[in-house]
Amino acid sequence: MEVGALVIIFALVVLFAFLGLGAWVTVKAVGAAKRGVDRTLTQARRTVEDTTLKAKSFGQVGVTAALAQLRLDLRTSMRATQAALYQGVQADASLKESIALFERLSRHGHELDDELKRLEQEPDRKRIAERLPGLRERTAKITESADSLRWAARDRARQFADEDLAALSAQIEVESGALRDWSRESVDDLAAAAAEWDAGAGRPAPGAAREAGHGRPASAEAREAAGRPALDASGPKAAYPWQKAPRPEAAS
């Protein structure tokens, strides 16, 4: 009875574990889907707002067109800088400080964008026209700061790429020169290497003295050695990876 109860308890624990794991996976999947939908809706809303601002800046005149153009300039500059910094930090960790500065700048940008958006609904156009110079100045300060961060990050990435390309080109030039230098060894070095190989193979080097117990000169031995193949012709030939395998002969 005790063994059976333990088996039942173990089966229940495993079942609840699988149920809990399934619930956790479901929650994670729903959360990921919700975040994807939120990103899509946010992107769609931004696209609609940008299109509306462009239409206002080109299709209208006066205060309404000026406010729309300021918002459009602000949003375009901030969005481009954000993309450049967050993409660049993946390869250059030093951009984290620039991102921290950009986050502080973004707070000012959001405040200005909200203010410009509220002023679009303001009926007192005369007062808005009086405030336009100050609004233009604030927008210029924020966009100039954002543009400065963006171009500095791009210049830094391009400088690193140029340095890496220069170093790579220098290494390739050195390697190319080494590959083309096939006559570096002198004739004396080659002759010494050949004599050393002959001595290691058990054959007398050219010009050596007569062997003990034989009456023939070393030149005769050299001529006989020259008549014999240096390698066994019947042995398997070395196969290289770029050579095709020989086709088997058709059966007769």
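Residues numbered from 1 in each chain as written. Predicted model: local features only at pLDDT ≥ 70, side-chain atom pairs only at ≥ 80, totals over all residues. Heavy atoms only, no water.

**Notes on the overall build of the chain**
Along its length, the chain carries six helices and zero strands. Residues classed as buried in the chain amount to 19% of the 252 residues present. Once local pairs closer than 6 in sequence are excluded, the contacts in the chain between residues at least 24 apart make up 61%. (Helix = DSSP H or I, 4+ residues; strand = E, 2+ residues; numbered from the N terminus. Buried < 20%, exposed > 50% of the residue type's maximum accessible area, 1.4 Å probe, protein only. Contact = heavy atoms within 4.5 Å.)

**Some remarks on the nonpolar core**
Looking at soluble globular proteins, one finds that nonpolar side chains tend to be buried together. Grouped together as the largest cluster of nonpolar side chains are 22 residues, with contacts concentrated most on Leu67, Met78, Leu112, Leu116, Leu132, Leu135 and Ile142. Taken together, the elements giving at least two residues each to this core come down to helix H2 (63-88), helix H3 (95-119) and helix H4 (125-180). Ignoring anything within four residues of it in the chain, the contact list for Leu116 reads Leu67, Leu70, Arg71, Leu135 and Thr139. (Core = buried A, V, L, I, M, F, W, Y, C linked by side-chain atoms within 4.5 Å.)

**Topic: the packing of aromatic side chains**
Evaluation of the coordinates by the stated rule reveals zero aromatic pairs. Over the ring of Trp151 we find Arg154, and its NZ or CZ is 5.1 Å from the ring centre. (Phe/Tyr/Trp six-rings, centres within 6.5 Å; stacked < 30°, edge-to-face > 60°. Lys NZ or Arg CZ within 6 Å of the ring centre and 35° of its normal.)

**Side note on the pattern of salt bridges**
Tallying each qualifying case throughout the model produces 10 salt bridges. A salt bridge links Glu115 to Arg131; the shortest N-O distance between them is 2.4 Å. A residue pair is termed long-range when its members are at least 10 positions apart, and Glu115 in helix H3 and Arg131 in helix H4 qualify at 16 residues. The salt bridge involving Asp124 is made with Arg127; its shortest N-O contact spans 4.0 Å. On the accessibility criterion, Arg127 (56% relative accessible area) is exposed. One salt-bridge network, held together by shared partners, links Arg71, Arg75, Asp113 and Glu120. (Salt bridge = Lys/Arg side-chain N within 4 Å of Asp/Glu carboxyl O.)

**Section: H3**
The terminal C-alpha atoms of H3, which comprises 25 residues, lie 35 Å apart, in line with the 36 Å expected from a rise of 1.5 Å per residue. Where the residues of H3 are buried, they touch H2 and H4. (Expected span 1.5 Å × (residues − 1).)

**Points about the packing of H2 against H4**
Following both chains from N to C, one finds H2 and H4 inclined at 15 degrees, their axes separated by 9 Å at the closest point. In terms of axis orientation, H2 runs roughly parallel to H4. As for how H2 packs across H4, the hand of that crossing is left-handed. Among the residues making up the contact of H2 with H4, the classes are represented as 17 nonpolar, five polar and six charged. (Axes fitted to C-alpha atoms, helices over the stretch in contact; angles between N-to-C directions. Parallel < 35°, antiparallel > 145°, perpendicular 65-115°, else oblique. Left-handed = near helix turned anticlockwise from the far one by under 90°. Nonpolar A, V, L, I, M, F, W, Y, C, P; charged D, E, K, R; others polar.)

**Focus: the side chain of Asp92**
Within the secondary structure, Asp92 sits in the loop between H2 and H3. A polar atom in the side chain of Asp92 sits 2.6 Å from the side chain of Ser94. Looking at Asp92, its side chain comes within polar contact range of the side chain of Arg156, at 2.4 Å. Setting aside residues up to four positions removed in sequence, Asp92 forms contacts with Arg156 and Phe160. (Polar contact = N/O pair within 3.5 Å; in protein donor to acceptor, adjacent residues only side chain to side chain.)

**Regarding a nonpolar patch on the surface**
A cluster of nonpolar residues, Ile8, Leu12, Leu15, Phe16 and Leu19, forms a patch on the protein surface that exposes about 510 Å² of accessible area. Looking at the secondary structure, you find Phe16 in helix H1 (residues 2-59). (Patch = residues over 30% accessible without salt bridge, like charges linked within 9 Å, V, L, I, M, F, W, Y side chains within 5 Å. Areas by Shrake-Rupley, 256 points an atom, 1.4 Å probe, with all protein chains shown as cover.)

**Topic: the confidence of the model for the chain**
Within the chain, residue pLDDT values average 76, and 64% of them lie at 70 or more. Across residues 208-216, confidence stays below pLDDT 50; counting only partners more than four residues off in sequence or on other chains, it has nine contacts. (pLDDT = per-residue confidence, 0-100.)

**Quick look at the environment of Leu67**
With respect to the helices and strands, the residue Leu67 is situated in helix H2. Sequence separation between Leu67 and Arg136 is 69 residues; the distance between their C-alpha atoms is 9.1 Å. Apart from the residues lying within four places of it in its own chain, the contact partners of Leu67 are Leu116, Leu119, Glu120, Arg125, Ile128, Leu132 and Leu135.

**Some words on the packing of H2 against H3**
One way to put it is that H2 packs onto H3 with a least axis distance of 10 Å and a crossing angle of 160 degrees. Taken together, the axis directions place H2 and H3 in an arrangement best described as roughly antiparallel. Like other packed secondary-structure pairs, H2 and H3 cross with a definite hand, here left-handed. Tallied by class, residues from the contact of H2 with H3 come to 13 nonpolar, six polar and five charged.

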